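Secondary and tertiary structure notes
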Amino acid sequence: MNYRHAFHAGNHADVFKHIVLTRLIALMSRKEQPFAYLDTHAGIGLYDLKGDQANRTGEYLEGIARLWGKKNLPAVTADYMQVLNKMNPDGELRYYPGSPELARCLTRSHDRVLLNEKHPEDGVLLKENMKGDRRVAVHLGEGWHVPRALLPVAEKRGLMLIDPPFEKLDEMKRCAESLKDAISRMRQTVVAIWYPIKDKRQLRRFYQDLAGSGAPKLLQVELFVHPLDTPNSLNGSGLAIANPPWGLEEELRELMPWLARNLGQTQGGFQMEWLIAE
């Protein structure tokens, strides 16, 4: 349990993941019917970019810091930037929202937010950061158990983020298994799996496992910030999204070239394809 997301908060992978998450929430909110947001590996929810851990790596400087203060941002970034601006009202970039805080801020009064964090210290911080909002429930347990423990939800609509630390070799396989569990329990659940990209060849089995998950449809989108053969580097990250809401693909076709231009380091690029087409 050495992984602490505070070292990586606000980096290029976070920006990509979190903007797409805000769009999933927005598109699901077009229907009046409530939905539940589920986060399997939630972290602490709020991060101080001037704190010791974030400053030790400085990864946010190549992520959110590149976008902070920019003019004429794409319209699809509006919800994401609204939360950031509210957290940093003096205009200085210091605080960064994790996925729990984005979900808490952007879901509606009749939606629910169900968060899980295994790390005992982070779980306590998550509870502290989420206190005062009755819609939020924090669970302290194994993230891989969330689909079986919490699905189906009473709302009959669900959005689940699976975002493990990827410290162990079997975590990509477990992501695919969790997706399969979620779909078997509530077929129309929207499931977003975030994953790191270091060497694309290592991902082939993961792609096969995702394609065999039984999801009705599965969209894959990846952002690259370095050439894919760069050694010992996080060269990009991806999201595999089961049951993406209508309109998301079109929005991503606008967003991804912009992210590649603005977050690319030695090289920027993106890829998007359907692993399971309708």
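Residues numbered from 1 in each chain as written. Predicted model: local features only at pLDDT ≥ 70, side-chain atom pairs only at ≥ 80, totals over all residues. Heavy atoms only, no water.

As recorded in an unreviewed UniProt entry, the protein goes by Ribosomal RNA large subunit methyltransferase J and comes from Pseudomonas versuta. Recorded in UniProt for the protein, the comment headed Sequence similarities (unreviewed entry) runs: "Belongs to the RlmJ family." Per UniProt, the comment on the protein under Subunit (unreviewed entry) is "Monomer." (UniProt positions renumbered as here; feature names shortened; annotations may be inferred.)

Next up on the list: the UniProt feature "active site" (unreviewed entry) in the protein. The sites that UniProt annotates as "active site" (unreviewed entry) are D163. Looking at the secondary structure, you find D163 in the loop between β6 (158–162) and α8 (171–185). Among residues more than four places away in sequence, those in contact with D163 are K17, T40, H41 and W194. Of the polar contacts made by the side chain of D163, one reaches the side chain of K17; its length is 2.7 Å. (Helix = DSSP H or I, 4+ residues; strand = E, 2+ residues; numbered from the N terminus. Contact = heavy atoms within 4.5 Å. Polar contact = N/O pair within 3.5 Å; in protein donor to acceptor, adjacent residues only side chain to side chain.)

What follows is about the pattern of salt bridges. In the structure shown here, the tally under the stated rule is 18 salt bridges. With a shortest N-O distance of 3.5 Å, R23 and D79 are connected by a salt bridge. Residue R23 is found in helix α1 (residues 12–28), and its partner D79 is found in helix α4 (residues 78–87); the two are separated by 56 residues along the sequence. Looking at R23, the relative accessible area reads 12%, which means it is buried. Here the residues in one salt-bridge network are E101, R104, D133 and R135, joined through shared partners. (Salt bridge = Lys/Arg side-chain N within 4 Å of Asp/Glu carboxyl O. Buried < 20%, exposed > 50% of the residue type's maximum accessible area, 1.4 Å probe, protein only.)

Let us now look at the packing of aromatic side chains. Per the stated rule, a full pass over the model turns up 5 aromatic pairs. When the ring of Y80 is compared with that of Y96, the centres are 6.4 Å apart and the planes differ by 70°; the resulting orientation is edge-to-face. Pair noted here: Y80 is in helix α4 and Y96 is in strand β3 (residues 95–97), with a separation of 16 residues, a long-range link. Overall, the relative accessible area of 0% leaves Y80 in the buried class. You can call Y96 buried: its relative accessible area is 0%. Where F206 meets Y207, the ring centres are 6.4 Å apart and the plane angle is 35°; that geometry is what we call tilted. Each member of the pair, F206 as well as Y207, is classed as buried. Over the ring of W194 we find K17; its NZ or CZ atom is 5.3 Å from the centre of that ring. (Phe/Tyr/Trp six-rings, centres within 6.5 Å; stacked < 30°, edge-to-face > 60°. Lys NZ or Arg CZ within 6 Å of the ring centre and 35° of its normal.)

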